[in-house]
Amino acid sequence: MISRRQILLAPLLLSACGGRDNGKTRPLFAADTHPDEYPTVQALHAIDRLLDERTNGEMRIRVYAGGQMGAEKDTLEITIFGGLDLNRVNLAPLNSIVPETIVLALPFLFRSIPHLRATLDGSIGRSLLDAMSAQSLHGLCYYDSGARSFYNTKRPIRTPEDMRGMKIRVQNSDIYVSMVSALGANPTPIPYGEVYQALVQGVVDGAENNWPSYESARHFEVAKNYSLTRHVMAPEVLVASKRRWDRMPVEEQEYLQAAAYDSVPIMREIWDARVTAARSRLIESGVQVVEDVDGPAFARRMLPVWDQFLITPKMRALADEIVALELNNEESIVTAE
Ligand code: GTR
């Protein structure tokens, strides 16, 4: 079925199919659900600057921010069939497309942000990006998304019992649905751009996200109880359409891949500063932060969720490998959240 949005996007999609515009190489089209100042979009602009410098303006990126291209699930489909060249999405909508990615979305998998970053930067991270090529996507890099925590309009959440019966918005991924059900609440998948309205209208009582998204999407204005459950640390991902990737000369592929990798530390710096700033602005604006969350009680409820989603020995081995990953001086590495 062709949607209204796809019809509206038709001219863009058609021009996306060709590599050149009036004899000049046209920019790569990139989508992001966040507004322009958000760290993931800033990372796309950083890639554009790096490409511009390194190729004398031959390779550029045009960023369509703020969800202009639609919800992540839809933009991923467009990327797969080649109508978008680049797409920055959260891992969640990729879970049903590339099942192995579920491993990184397992609740309470990562001990800390340094543990997450070490996993993503190492061979496990790369192997999951490579797994995307079977689904017509080329995984370029990961970006930080911090830790996700629950927030709601009703009451402070300290234990899973406090969530009983609450309607909680989740991302478009089965593991989030199961996770929220296992906590005794009612999961409702809703696209990111519609969550604010759903909170205002009481369609849902709460949602879950990191500090910058909670602030940027203005959910804090309605749902003022933010409980530091830090239940998921699934990252953001930048993917390229494999159709486009495969048509690029090797040299261009190398420029793009290198610029994507080089944008990761740039984004991390922006991210850490943004988390700290968002957190203090939100506390100042009256958000009630619940620090004394019973973490082990939440984690215990997640054991059946792990069993439900680790469906192959390979996925189980990957999760075990991540848990066993040791870091030097992990305690002393300072990150924002
Ligand atoms: C944010 C993420 C978005 C989107 C959003 C959501 O943290 O950056 O890409 O996935 O969460 O909850 O839908």
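Please refer to the structure placed before this passage.
My aim in this report is to walk through the structure given alongside it, one point at a time. For every chain, the first residue of the written sequence is number 1, and numbering continues from 1 along that sequence. Note on the predicted model: pLDDT of at least 70 is required for a residue's local features to be given, and 80 or more for side-chain atom pairs to be given and counted; whole-chain, interface and lining totals, by contrast, use all residues. Excluded from the side-chain calculations are hydrogens and water; all other atoms, namely the structure's heavy atoms, are used.

Some remarks on the layout of surface pockets
Note on definitions: the grid is 1 Å and covers protein atoms alone; a cavity is a set of points where a 1.4 Å probe fits but cannot get out; a pocket is an open set with protein on both sides within 12 Å along at least five of seven lines; lining residues have an atom within 4 Å of a point. Grid points are joined across faces, edges and corners, and a volume is the space filled by probe spheres set on the points. Taken as a whole, the largest pocket encloses approximately 600 Å³ of empty space. Residue lining of the largest pocket: 37 residues in total, with Thr33, Arg169, Pro191, Tyr192 and Gly193 positioned closest to the centre. The helix count covers DSSP runs of H or I at least four residues long, the strand count covers runs of E at least two residues long, and both are numbered beginning at the N terminus. Of all the secondary structure elements, the ones that give two or more residues to the lining of the largest pocket are α4 (72-81), β5 (86-90), β8 (167-170), α8 (195-200) and α9 (211-216). By residue number, the principal contributor to the lining of the largest pocket is α4, which donates three residues. Put simply, Ala, Val, Leu, Ile, Met, Phe, Trp, Tyr, Cys and Pro go in the nonpolar bin, Asp, Glu, Lys and Arg in the charged bin, and everything else, Gly too, in the polar bin. Here the lining of the largest pocket is composed, by residue class, of twelve nonpolar, 15 polar and ten charged. Each of two domains, domain 1 (4-98 + 112-144 + 235-276) and domain 2 (148-233 + 286-332), supplies a minimum of three residues to the lining of the largest pocket. Segment limits for the domains were obtained from an automatic or database-derived domain assignment.

Details of the packing of aromatic side chains
Classification of ring pairs uses Phe, Tyr and Trp, with its six-membered ring standing for Trp, and accepts pairs whose centres are within 6.5 Å; under 30 degrees between planes counts as stacked, over 60 as edge-to-face, and the remaining range as tilted. Inspection of every chain in the model, using the stated rule, returns eight aromatic pairs. One aromatic cluster is present, formed by Tyr151, Trp211, Tyr214, Phe220 and Tyr226 through successive ring pairs. Lysine and arginine charges are scored as sitting over a ring when NZ or CZ, respectively, is within 6 Å of the ring centre and within 35 degrees of the ring normal. Above the plane of the ring of phenylalanine 29 lies arginine 26, whose end atom (NZ or CZ) is 4.4 Å from the centre. Geometry around tyrosine 196 places arginine 218 over its ring, the cationic atom sitting 4.5 Å from the centre.

These values are about where atoms sit, not about what they do.
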